[in-house]
Amino acid sequence: MLSSSVRQRRTTRPRDLPYGEAPLAVRWHKVQYACRETACVRRAFTEQIPEVPAGARVTGRLRRHVAGRVADGLPVSTACAGVMGWPTAHAAFVAAVTAQLPDPEPVAVLGIDETRRGKPRWTRTEDGQGWVKLETFETNFVDLAGAQGLLGQASGRTKANVVAWLDERGQAWKDAVAVVAIDPCATYRAAVAEALPHARIVADHFHLVRLANQALTDVRRGVTWDLHGRRGRASDPAWARRRRLLRGYERLTPEQFTRMWNDLVDADPTSKILTAWIAKEELRRLLACARRGGHRHEISTRLHRFTPGAPTPGCPNSNGSPARSRPGGPRSKASCRPASPTPAPRPPTGR
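Residues numbered from 1 in each chain as written. Predicted model: local features only at pLDDT ≥ 70, side-chain atom pairs only at ≥ 80, totals over all residues. Heavy atoms only, no water.

Description of the packing of helix H1 (residues 60-71) against helix H3 (residues 86-100)
Packing of H1 against H3 leaves a shortest axis separation of 8 Å and a crossing angle of 80°. Viewed along their axes, H1 and H3 adopt a mutual orientation that is roughly perpendicular. Contacts between H1 and H3 involve Arg63, Val66, Ala67, Val70 and Ala71 on the former and, on the latter, Thr88, Ala89, Ala91, Ala92, Phe93 and Ala96. For the contact of H1 with H3, the per-class residue count stands at 9 nonpolar, 1 polar and 1 charged. (Axes fitted to C-alpha atoms, helices over the stretch in contact; angles between N-to-C directions. Helix = DSSP H or I, 4+ residues; strand = E, 2+ residues; numbered from the N terminus. Parallel < 35°, antiparallel > 145°, perpendicular 65-115°, else oblique. Contact = heavy atoms within 4.5 Å. Nonpolar A, V, L, I, M, F, W, Y, C, P; charged D, E, K, R; others polar.)

Observations concerning the nonpolar core
Counting 20 residues, the largest nonpolar core has Leu110, Ile112, Phe141, Leu166, Val180 and Leu196 as its most contacted members. Of all the secondary-structure elements, those providing two or more residues to this core are strand E4 (109-124), strand E6 (150-155), helix H4 (159-168), strand E7 (179-182) and helix H6 (186-195). Setting aside residues no more than four positions away along its own chain, Leu166 makes contact with Leu110, Phe141, Trp173, Lys174, Ala195 and Leu196. Membership of the second largest hydrophobic core comes to 16 residues, among which are Ala238, Met260, Leu264 and Ala276. (Core = buried A, V, L, I, M, F, W, Y, C linked by side-chain atoms within 4.5 Å. Buried < 20%, exposed > 50% of the residue type's maximum accessible area, 1.4 Å probe, protein only.)

Some words on unusual backbone geometry
The phi torsion of most residues other than glycine is negative, and most of the peptide bonds are trans. The residue Ser271 is not glycine, and still its phi comes out positive at about 60°. Along the chain, Ser271 falls in the loop between helix H10 (254-267) and helix H11 (272-287).

Describing the layout of surface pockets
As a volume, the largest pocket reaches approximately 810 Å³. Val94, Thr98, Leu101, Gly152 and Gln153 are the residues nearest the centre of the largest pocket, which is lined by 22 residues in total. Among the elements of the structure, H3, E6 and H4 are those that each provide at least two residues to the lining of the largest pocket. Tallied by class, the residues present in the lining of the largest pocket amount to 11 nonpolar, 6 polar and 5 charged. (1 Å grid on protein atoms, 1.4 Å probe; cavity = no way out; pocket = protein on both sides within 12 Å on 5 of 7 lines; lining within 4 Å. Points joined across faces, edges and corners; volume = space filled by probe spheres on them.)

Focus on the environment of Arg121
Within the secondary structure, Arg121 is located in strand E4. Owing to a relative accessible area of 52%, Arg121 belongs among the exposed residues under this scheme. C-alpha separation for the pair Arg121 and Val132, spaced 11 residues apart in sequence, amounts to 8.3 Å. Those residues in contact with Arg121 that sit more than four places away from it in its chain are Val132, Lys133 and Leu134.

Looking at the sheet that holds strand E8 (residues 200-203)
Across the sheet, which stays open at both edges, the 5 strands sit in the order E6-E5-E4-E7-E8 with mixed pairing between neighbours. The sheet terminates laterally at E6 and E8, the two strands that pair on one side only. Put simply, the sheet's adjacent strands are angled 25° from each other on average, direction ignored. With 4 bridges joining them, E7 and E8 adopt parallel strand pairing. (Pairing = 2+ DSSP bridges.)

Details of the pairing of E4
Summarising the sheet, E4 and E7 pair through 4 bridges and their orientation is parallel. Residue Ile112 lies in a different strand from E7, and its bridge partner there is Ile182. Bridge count between E4 and strand E5 (residues 131-143): 12 bridges; the pairing is antiparallel. Residue pairing across strands places Ile112 opposite Phe141, the latter belonging to E5. Remark: 6 residues form the turn of the hairpin made by E4 and E5, two consecutive strands paired antiparallel; Gly128 in that turn has positive phi of roughly 75°.

Looking at H6
Because an α-helix completes one turn every 3.6 residues, residues spaced three or four positions apart along the sequence face the same direction. Of the residues making up H6, those classed as buried are Tyr188, Ala191, Val192 and Ala195. Viewed along the axis of H6, the buried residues span an arc of 95°, placing them on a single side of the element. (Arc of directions from axis to C-beta.)

A few points about the confidence of the model for the protein
For the protein, the average pLDDT comes to 81, and 87% of its residues sit at 70 or higher. Contacts for the low-pLDDT stretch residues 310-343, under 50 throughout, to residues beyond four places or in other chains number 69 contacts. (pLDDT = per-residue confidence, 0-100.)

Below, the structure written as structure tokens:
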């Protein structure tokens with residue numbers, strides 16, 4: 001029902017695009033109408049137009065102008081200098097880009113992961129006795145099997161935000177998703193189970209290798225504490241070779257691999273560090289089967305080699321521990337092949 005009862009008249013001054021170098025002053029005499037309906041929650045309504053919606057302090061023309069300057073590559077601080085604040089310019093650019101982005105096409109393999117926005121902030125607790133770490137995250141949705149790349153983002157990394165983004169795509173879009181790759185996160189798993197109950201949930205390769213590297217680091221630190229009762233130092237071979245342990249075998253030169261292997265064999269009598277490194281490399285080779293087509297016989301072979309405790313034929317160390325080489329002087333090849341696809345250490349060219 002339209003109202004003709006005028007409650008009051010108000011004058012607003014929305015900021016508009018300058019006319020050349022001179023600012024353009026806009027004055028809008030608004031009329032506020034009163035609603036005579038007793039059941040109405042809002043008792044007053046103010047005039048508005050699409051260019052200046054309710055609560056806006058700048059015109060739509062100015063917002064589009066600043067958004068266009070940002071899209072041309074200008075920094076936000078330069079594009080909005082003297083006409084609007086940074087948050088308003090950012091919101092204008094996001095609105096302009098969102099209006100131009102097409103809806104994502106259905107995908108067969110969907111990737112979900114989070115990205116932190118900015119640096120973490122620390123704030124006091126309510127009782128003032130401690131500190132709380134505040135972080136802002138965005139959830140990214142990626143097409144892993146097609147060429148669409150980034151499909152969209154959702155604020156936060158909660159179950160409700162992920163489910164809401166998926167529901168906005170429609171039921172037909174969700175039915176096309178067959179596989180969802182996530183990091184080992186219970187929140188994402190619960191969201192996918194609710195919104196995409198038919199999809200298969202898998203862990204992505206990046207986070208699996210990251211967990212393997214973290215396990216290797218924990219083993220290295222534990223061995224150092226057991227042997228020396230302290231943290232690692234620069235004089236410890238395990239600490240000095242810590243970055244090479246996290247590097248892929250194919251990225252190590254023969255000399256780097258030989259020196260790392262022989263130094264750790266002499267420094268770690270338990271061989272736990274090299275055993276963890278072998279397990280990490282076996283996992284990487286198992287995951288690499290997907291890039292070569294995922295043949296069943298290759299996956300079975302790699303899975304058997306990765307399984308803990310799998311004996312290696314012809315090797316007396318059936319527990320998978322690497323063979324020790326003689327200390328001092330040029331090293332000969334290991335007495336038996338370790339449970340790893342990596343070759344035995346070759347004699348170094350010099351120390």
